[in-house]
Amino acid sequence: MNSIGIIGSGTVGQTLAQGFKKHGYQVRIGSRTPAKLAAFAASSGITAGTFAEVAAWGQTLVLTVTGTKALEAVRLAEPASFRGKTVIDTTNPLSDAPPVDGVLELFTGPNSSLLEQLQAAFPDAHFVKAFNSVGNTRMVNPSFAGGRPTMFYCGNDDGAKAEVASILEQFGWEALDLGSARAARAIEPLCQLWCIPGFRQNHWTHAFRVLWD
Ligand SMILES: NC(=O)c1ccc[n+]([C@@H]2O[C@H](COP(=O)([O-])OP(=O)(O)OC[C@H]3O[C@@H](n4cnc5c(N)ncnc54)[C@H](OP(=O)(O)O)[C@@H]3O)[C@@H](O)[C@H]2O)c1
């Protein structure tokens, strides 16, 4: 199993770091200021480092940073360390504006996506969008009476997508391949849809599931 370098120290980064560790992977987690992860590192046994240290170390990377700062974070982490690696991109292109009627604002338009921006800026990395359409509390081994939920993923590299599909299945998801990076134009706005019951009814623990005939 590849070693996993998590680039991002928020709730998603910490949740996925613990999830990968639980599933037997070697994991490290990165921050611009790793010292702030001291308590997390002590309780989880997961070593923290700078973005650059963790990106250089991990054989597979997971990007879990604020969407508006995603390009900046990869630059800080040294793009050379992303070359040829699978990068699971959990980010969403959310603007800093507050929700209106429960609807968050994206900084991308309908015919663009953050995944495509990342892939164009760092063409040697193999970005795969995943984990962006569910809340962090249900990312690892989600359990629902209605059955296994669906995680949509997409990206341009078939090998990277196969690796991510296997991780998603291991984490308890039905992994649904929606094709190339272009499909992120449809997958990323699912975060807006997912958040509406949160803002309207304070319900934050649901997930999407596709019903097949
Ligand atoms: N929260 C959820 O349940 C959820 C669910 C699905 C998807 N997502 C998406 O996952 C991503 C991570 O979300 P999150 O809630 O865990 O945390 P977050 O607060 O969106 O992001 C925290 C991370 O962003 C980094 N960051 C902030 N400003 C930066 C800058 N100027 N340059 C470089 N890095 C910067 C932080 O770096 P430092 O470590 O240095 O502070 C930290 O690692 C977001 O794109 C979010 O939309 C979130």
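Details of the structure are given in the entry above.
Here the structure is a predicted model, which is why all the values come from computation and not from measurement.

### Comments concerning the site of the ligand
Around the ligand sit 27 residues, and of these S9, S31, R32, K36 and V65 come closest. Measuring from an oxygen atom of the ligand, one finds a backbone N or O atom of G67 at 3.4 Å. Take E72: an N or O atom from its side chain is 3.3 Å from a nitrogen atom of the ligand. Broken down by secondary-structure element, the contributors of at least two residues to the shell around the ligand are α1 (11-22) and α4 (70-76).

### Description of the state of the cysteines
One pass over the full model with this rule turns up 0 disulfides. C191 takes part in no disulfide bond, and the closest cysteine sulfur to it belongs to C195, at a distance of 5.9 Å. A relative accessible area of 3% places C191 in the buried class. Residue class for C195 comes out buried when judged on its relative accessible area of 12%.

### Some words on the pairing of strand β7 (residues 150-155)
In terms of residue burial, β7 counts as a mostly covered element, since 6 of its 6 residues are buried. A two-sided burial pattern is seen for β7, the buried positions comprising T150, F152 and C154 on one face and M151, Y153 and G155 on the other. Relative to β7, strand β6 (residues 126-129) runs antiparallel, the two sharing 2 bridges. In the sheet register, K129 faces β7, and the bridge partner there is C154. Sheet analysis places β7 next to strand β8 (residues 174-177), joined by 4 bridges and oriented parallel. Across the sheet, F152 pairs through a bridge with L176, a residue of β8. The parallel pair β7 and β8 is bridged by helix α6 (residues 158-170), and the resulting crossover is right-handed.

### Considerations on α6
Here α6 contains 13 residues, and its C-alpha end-to-end distance of 18 Å stays within 8% of the 18 Å for a straight helix at 1.5 Å per residue. For α6, the complete set of buried residues consists of A160, K161, V164, A165, I167 and L168. Buried residues of α6, viewed axially, fall in a sector of 165°; they line one side. Residues of α6 that are buried make contact with α1, β5 (86-89), β6, β7 and β8. Here α6 starts with a cap whose side-chain oxygen sits 3.1 Å from the backbone nitrogen of G159, and that cap is D157. Positive phi shows up at G172, right after α6, with a value of about 100°.

Cut-offs and rules
Residues numbered from 1 in each chain as written. Predicted model: local features only at pLDDT ≥ 70, side-chain atom pairs only at ≥ 80, totals over all residues. Heavy atoms only, no water. Near = heavy atom within 4 Å. Polar contact = N/O pair within 3.5 Å; in protein donor to acceptor, adjacent residues only side chain to side chain. Helix = DSSP H or I, 4+ residues; strand = E, 2+ residues; numbered from the N terminus. Disulfide = S-S within 2.5 Å. Buried < 20%, exposed > 50% of the residue type's maximum accessible area, 1.4 Å probe, protein only. Pairing = 2+ DSSP bridges. Right-handed = clockwise from strand over helix to strand, strands pointing away. Expected span 1.5 Å × (residues − 1). Arc of directions from axis to C-beta. Contact = heavy atoms within 4.5 Å.

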